[in-house]
Amino acid sequence: MTPENQPPTVALEDRMRDAAKLYSPSAARNREPVRAVLAERLRDNARVLEIGSGTGEHGEACCAARPDIAWQFTEIDPESLASCAARAAEMDGLLPPLRLDAGSPGWVDGIEPVDALVCLNVIHIAPWPVAEGLASGAARLVNPGGFVFLYGPFLDGERTAPSNLAFDASLRQRNPAWGVRPIGTVTDLFTKNGLALDERIEVPANNLALIFRRAA
Ligand SMILES: C[S@@+](CC[C@H](N)C(=O)[O-])C[C@H]1O[C@@H](n2cnc3c(N)ncnc32)[C@H](O)[C@@H]1O
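Residues numbered from 1 in each chain as written. Predicted model: local features only at pLDDT ≥ 70, side-chain atom pairs only at ≥ 80, totals over all residues. Heavy atoms only, no water.

An unreviewed UniProt entry annotates the protein as DUF938 domain-containing protein of Hyphobacterium vulgare.

Okay, here's the thing in structure tokens:
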């Protein structure tokens, strides 16, 4: 594995590379809590759609823990798409990535209903319409009883960690359309789209795992 020569265009960190496969330091840190939350909540033989799969490491870890599930990678970034494709070629359960912009109208067209829609560390590093597209897509795609799983930093009024306030400021400086999202605003968005906040799980590094569930 060698460090990438060029700074990444989609990740705020130096990703490592082994042929097409990319490795993300933040995915390595978050992989275990993500796997733990998902592995015990997915129903048998669940179909999972991941938005903004990045390197593909989360899908790989989840499918290793739950070989019964089918995990559909999606991405907008060509290098991340190639990384996900390389991982999908090596493990049953991982489906070759779809190229998809979750902020574009009609991104759900042609996608089969799913038991879980997973989006990890994306909505703060993307314009708000991506979160809106995710929620409206969830309204169409998530099966009754299924859920949306969001993972990452959130603003939570006076409970917000100082590190997340600083992160929010640095994101907005980099791109005014980015920013750590208030948990109440995100909850309202998913509620309007028929998914209620079902679980709020504290995970390391002041991140939250949020489960928005569609009624059975
Ligand atoms: C910080 S990375 C997180 C990657 C991965 N989910 C993880 O947690 O390791 C954000 C990812 O979101 C993807 N992304 C950004 N905007 C997107 C959009 N509009 N539609 C789909 N993916 C998007 C980027 O290409 C990038 O791979």
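The next point concerns the sheet that holds strand 10 (residues 207-213). Sheet strands associate in pairs through backbone hydrogen bonding, adopting either a parallel or an antiparallel arrangement. Across the sheet, seven strands lie side by side as 6-5-4-7-8-10-9; this open sheet has mixed pairing. Of all the strands in the sheet, the pair left with one neighbour each is strand 6 (94-99) and strand 9 (196-203). Sheet twist, expressed as the mean angle between neighbouring strand axes with direction ignored, is 20°. Sheet analysis places strand 7 (residues 114-120) next to strand 8 (residues 142-152), joined by six bridges and oriented parallel. Across the sheet, residue Ala116 finds its bridge partner in strand 8, namely Phe147. Strands in contact with helix 2 (residues 57-65) are strand 4 (47-51), strand 5 (70-75), strand 6 and strand 7; relative to strand 5, the strand with the most contacts, it is inclined by about 180°. (Pairing = 2+ DSSP bridges. Helix = DSSP H or I, 4+ residues; strand = E, 2+ residues; numbered from the N terminus. Axes fitted to C-alpha atoms, helices over the stretch in contact; angles between N-to-C directions. Contact = heavy atoms within 4.5 Å.)

Turning to the site of the ligand, a few remarks are in order. The local shell around the ligand holds 19 residues, among which Gly52, Glu75, Asp101, Ala102 and Leu120 are the closest. Within the side chain of His58, an N or O atom sits 3.5 Å from an oxygen atom of the ligand. Contact with the protein chains hides 90% of the accessible area of the ligand, taken as 590 Å² for the molecule alone. Looking at the shell around the ligand, its residues break down into nine nonpolar, seven polar and three charged. (Near = heavy atom within 4 Å. Polar contact = N/O pair within 3.5 Å; in protein donor to acceptor, adjacent residues only side chain to side chain. Areas by Shrake-Rupley, 256 points an atom, 1.4 Å probe, with all protein chains shown as cover. Nonpolar A, V, L, I, M, F, W, Y, C, P; charged D, E, K, R; others polar.)

So, about the nonpolar core. The nonpolar side chains of a soluble globular protein tend to be buried with one another. Residues Ile51, Trp107, Leu117, Val148, Leu150 and Phe190 are the most contacted members of the largest nonpolar core, which totals 31 residues. Considering every element that reaches this core, the biggest residue donor is helix 4 (residues 128-141), with six residues. Dropping the residues within four chain positions of it, Val148 is found in contact with Leu117, Ala138, Val142, Phe190, Leu195, Leu210, Ile211 and Phe212. Core analysis: the next-biggest nonpolar cluster, separate from the first, contains 24 residues, Val34, Val37, Val48 and Ala209 among them. (Core = buried A, V, L, I, M, F, W, Y, C linked by side-chain atoms within 4.5 Å. Buried < 20%, exposed > 50% of the residue type's maximum accessible area, 1.4 Å probe, protein only.)

Burial analysis of strand 10 places six of its seven residues in the buried class, which makes it a mostly covered element. Bridging between strand 8 and strand 10 involves six bridges; their strand directions are antiparallel. Bridge pairing links Phe147 to Arg213 in strand 10. As paired strands, strand 9 and strand 10 are joined by seven bridges and run antiparallel to one another. From the neighbouring strand, Val203 faces strand 10, where its bridge partner is Asn207.

An ideal rise of 1.5 Å per residue puts 21 Å on 15 residues; helix 1 (residues 25-39) measures up with 21 Å between its terminal C-alpha atoms. Along its length, helix 1 reaches its greatest deviation from straightness, about 45°, at Arg31, and the proline Pro33 lies no more than four positions downstream. The complete set of buried residues in helix 1 reads Ala27, Asn30, Pro33, Val34, Val37, Leu38 and Ala39. (Expected span 1.5 Å × (residues − 1). Bend = angle between axes of the 7 residues up to and from the residue.)

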